[in-house]
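Fold and geometry: a report
So the chains spell out like this:
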Amino acid sequence: MDRRDFVKSSSLAAAGVLGTPILSSKLGEQSTKPTSAPSQELKIKMAVKFGMVQGPKTVLARFELLKKLGFDGVEVGRPAKTPLKELIAASTATGLPIHGVVDSDHWNNRFSDPRPEIRKKAVAALEGAIRDAKTLGASSVLVVPGVVDQSVRYDECYQRSQTEIRKVLPLATELNIKIAFENVWNNFLLSPLEAARYCDEFESPLVGFYFDVGNVIRYGWPEHWIHALGHRIFKLDVKEYSRKKQFDEGPWKGFKVKIGDGDCNWPGVRKALKAIGYSGWATAEVGGSGEERLADIKARMDRALG
């Protein structure tokens with residue numbers, strides 16, 4: 001092989017490894033195209049995870065507290081011990097909507113697991129969460145698509161998770177429930193361009209991203225991810241992260257800061273959200289407690305997101 005042939009073959013190989021869809025200008029155009037006309041003010045609805053609400057003993061009392069503090073909604077995990085009828089009754093009585101459901105089983109039974117019987121359980125759990133979301137009047141189910149570890153290669157996680165999650169798409173389509181992948185520390189979808197491609201390959205408007213602002217800060221910048229993911233962002237999880245604590249005390253200690261007191265560039269996040277025309281839900285995912293703590297979380301979310 002002479003030099004010219006070598007350069008030509010090397011270029012073709014590199015294109016195959018990198019995957020041209022990730023680096024194409026078309027992807028960039030799709031990412032930054034606003035879902036609606038950008039406005040001067042973000043249209044954000046504030047919520048918390050139901051498990052963060054502590055103190056009140058009844059489901060209704062917890063909903064009433066959130067309503068009193070000015071939250072716009074709540075997100076619940078399923079499966080869970082709380083009966084659906086109690087959640088529906090509390091939501092109806094207070095007018096506080098349950099906007100989303102979290103697939104509570106996605107860590108125990110993973111779509112990327114080497115064992116078919118475990119993947120089958122993962123599919124069943126996601127189907128159950130989708131049905132519960134429809135019953136509760138929610139619009140989405142948050143799910144972790146897979147985990148890369150010593151026993152599961154990156155390519156295996158990619159292929160298995162897509163294969164299994166595709167099995168759920170007919171039900172999601174029938175019930176009109178969005179499937180939103182959260183970026184977590186699962187050693188998977190480590191680039192926003194790859195995450196965008198992963199979503200696009202499902203070829204469904206019901207598949208997108210549940211972007212967690214704080215989870216990215218350890219290895220990136222939230223505003224960069226927002227621009228890259230664009231219209232694929234269905235909803236937001238809100239938390240904070242401190243790189244100083246990460247370096248001084250360990251990676252998980254980075255989360256031990258309140259919203260607004262870490263390294264998230266909130267003005268940059270707001271600017272990026274405006275650029276993509278985002279409007280919708282932002283749900284706090286931090287340590288909860290009683291009324292005082294929840295009131296502080298609401299105030300901090302208001303300052304962070306405007």
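Within each chain, residues carry numbers counting from 1 in the order of the written sequence. Restriction of local features to residues with pLDDT of at least 70 applies here, the model being predicted, together with a cutoff of 80 or more for giving and counting side-chain atom pairs; totals for whole chains, interfaces and linings are based on all residues. Note that the side-chain values use all heavy atoms of the structure and ignore hydrogens as well as water.

The secondary structure content of the protein amounts to 14 helices and eight strands. Only heavy atoms enter the contact rule, under which two residues are in contact if any of them lie within 4.5 Å. Across the protein, every contact between residues at least 6 apart in sequence was considered, and the portion connecting residues at least 24 apart equals 78%. Carbon together with sulfur atoms contributes 53% to the accessible area of the protein, which is approximately 14800 Å² in total. Here a strand is any run of E in DSSP of at least two residues, a helix any run of H or I of at least four, and the numbering for each starts at the N terminus. Areas reported here follow the Shrake-Rupley algorithm with a probe of radius 1.4 Å; residue values treat only the protein chains shown as occluding.

This part covers unusual backbone geometry. Here Arg 78 and Pro 79 are connected by a cis peptide whose omega angle stands at 5°. Considering the arrangement of structural elements, one finds Pro 79 in the loop between strand 2 (73-78) and helix 5 (84-94). Its identity is not glycine, yet Asn 176 carries a phi of approximately 60°, on the positive side. Relative to the assigned elements, Asn 176 resides in the loop between helix 8 (169-175) and strand 5 (178-182). Burial classes: relative accessible area under 20% of the type maximum marks a residue as buried, over 50% as exposed, and values in between as partly exposed (1.4 Å probe, protein chains only). When its relative accessible area of 54% is taken as the criterion, Asn 176 is described as exposed. The backbone phi angle of Leu 189 is positive, close to 55°, even though this residue is not glycine.

Here, nonpolar core means buried Ala, Val, Leu, Ile, Met, Phe, Trp, Tyr and Cys residues that are tied together by side-chain atoms lying within 4.5 Å of each other. With 80 residues, the main nonpolar core has Ile 130, Phe 181 and Phe 211 as its most contacted residues. Tallying contributions element by element places helix 6 (residues 116-136) first for this core, with seven residues. Discounting chain neighbours no more than four positions away, the residues touching Phe 211 are Asn 183, Val 216, Pro 222, Trp 225, Ile 226, Leu 229, Ile 233, Lys 235, Leu 236 and Asp 237. Core analysis: the next-biggest nonpolar cluster, separate from the first, contains five residues, Val 102, Leu 142, Ala 180 and Phe 234 among them.

A few words now on the layout of surface pockets. In this analysis, the protein atoms alone were mapped onto a 1 Å grid. Cavities are point sets where a 1.4 Å probe fits without being able to get out; pockets are open sets with protein on both sides within 12 Å along at least five of seven lines; lining residues have an atom within 4 Å of a point. Grid points are joined across faces, edges and corners, and a volume is the space filled by probe spheres set on the points. Of the volumes computed, that of the largest pocket is approximately 430 Å³. Lining the largest pocket are 21 residues, and of these Lys 49, Trp 107, Glu 182, Lys 239 and Glu 285 sit closest to its centre. Among the elements that line the lining of the largest pocket, the one with the most residues is strand 2, at three residues. Charged means Asp, Glu, Lys or Arg here, nonpolar means Ala, Val, Leu, Ile, Met, Phe, Trp, Tyr, Cys or Pro, and polar covers whatever is left, Gly included. Residue composition of the lining of the largest pocket, grouped by class: twelve nonpolar, four polar and five charged.

What follows covers the sheet that holds strand 5. Pairing between strands requires that DSSP locate at least two bridges from one strand to the other. Strand order in the closed barrel formed by eight strands is 1-2-3-4-5-6-7-8, and the pairing between neighbours is parallel. Here the average twist between neighbouring strands, direction ignored, is 30°. As judged from the three bridges shared by strand 7 (residues 233-238) and strand 8 (residues 279-284), these two strands associate in the parallel manner. Looking at the pairing, Asp 237 lines up with Thr 283 of strand 8. With axes taken as lines fitted to C-alpha atoms, and helix axes fitted only over the stretch in contact, angles between N-to-C directions fall between 0 and 180 degrees. Strands strand 2, strand 3 (98-103), strand 4 (140-143) and strand 5 of the sheet are contacted by helix 6, whose axis makes an angle of about 170° with strand 3.

Aromatic rings considered in pairs are described by the distance between their centres and by the relative angle of their planes. Two aromatic rings from Phe, Tyr or Trp, using only the six-membered ring of Trp, form a pair when their centres are within 6.5 Å; if the ring planes differ by under 30 degrees the pair is stacked, by over 60 it is edge-to-face, and anything between is tilted. Under the counting rule described, the total for this entry stands at 15 aromatic pairs. Taking the centre distance of 4.9 Å and the plane angle of 75° together, the rings of Tyr 241 and Phe 255 count as edge-to-face. Within this pair, whereas Tyr 241 is found in the loop between strand 7 and helix 12 (243-249), its partner Phe 255 is found in the loop between helix 12 and helix 13 (266-275), the two being separated by 14 residues in sequence. An aromatic cluster of three or more residues is present, and its members are Tyr 154, Tyr 158, Phe 181, Phe 188, Tyr 198 and Phe 202.

What follows covers the confidence of the model for the protein. pLDDT is a per-residue confidence score from the predictor, ranging from 0 to 100. Here the protein shows a mean pLDDT of 90. Residues at 70 or above account for 87%. Predicted confidence is poor over residues 28-32, with pLDDT under 50, and the contacts of this stretch with residues over four places away or in other chains come to 13 contacts. Between residues 34-38, whose pLDDT stays under 50, and residues either more than four places distant or in other chains, the model counts ten contacts.

Taken N-terminus to C-terminus, the directions of helix 13 and helix 14 (residues 291-305) make an angle of 65°; their axes are 8 Å apart at the nearest point. Contacts between helix 13 and helix 14 involve Trp 266, Val 269, Arg 270 and Leu 273 from the former and Arg 303, Ala 304 and Leu 305 from the latter. Residues that form the contact of helix 13 with helix 14 fall into these classes: five nonpolar, no polar and two charged.

This part is about the environment of Asp 149. Tracing the backbone shows Asp 149 in the loop between strand 4 and helix 7 (154-166). In this structure, the C-alpha to C-alpha distance between Asp 149 and Phe 188, residues 39 residues apart in sequence, is 9.3 Å. Within polar-contact distance, the side chain of Asp 149 engages the backbone nitrogen of Val 152 at 3.0 Å. N or O atoms closer than or at 3.5 Å make up a polar contact, with two conditions inside protein: a donor-capable atom paired with an acceptor-capable one, and, for residues adjacent in sequence, both atoms drawn from side chains.

Among the residues making up helix 5, those that are buried are Leu 87, Ala 90, Ser 91 and Thr 94. Considered in projection along helix 5, the buried side chains sweep an arc of 95° and stay on one side of the axis. Along helix 5, the residues that are exposed and aim more than 90 degrees away from the buried face are Lys 85, Thr 92 and Ala 93. The secondary structure elements touched by the buried residues of helix 5 are helix 4 (59-68), strand 2, strand 3 and helix 6. Trailing helix 5 by a residue or two, Gly 95 shows a phi angle of about 75°, which is positive. To be clear, the arc concerns the directions from the helix axis to the C-beta atoms.

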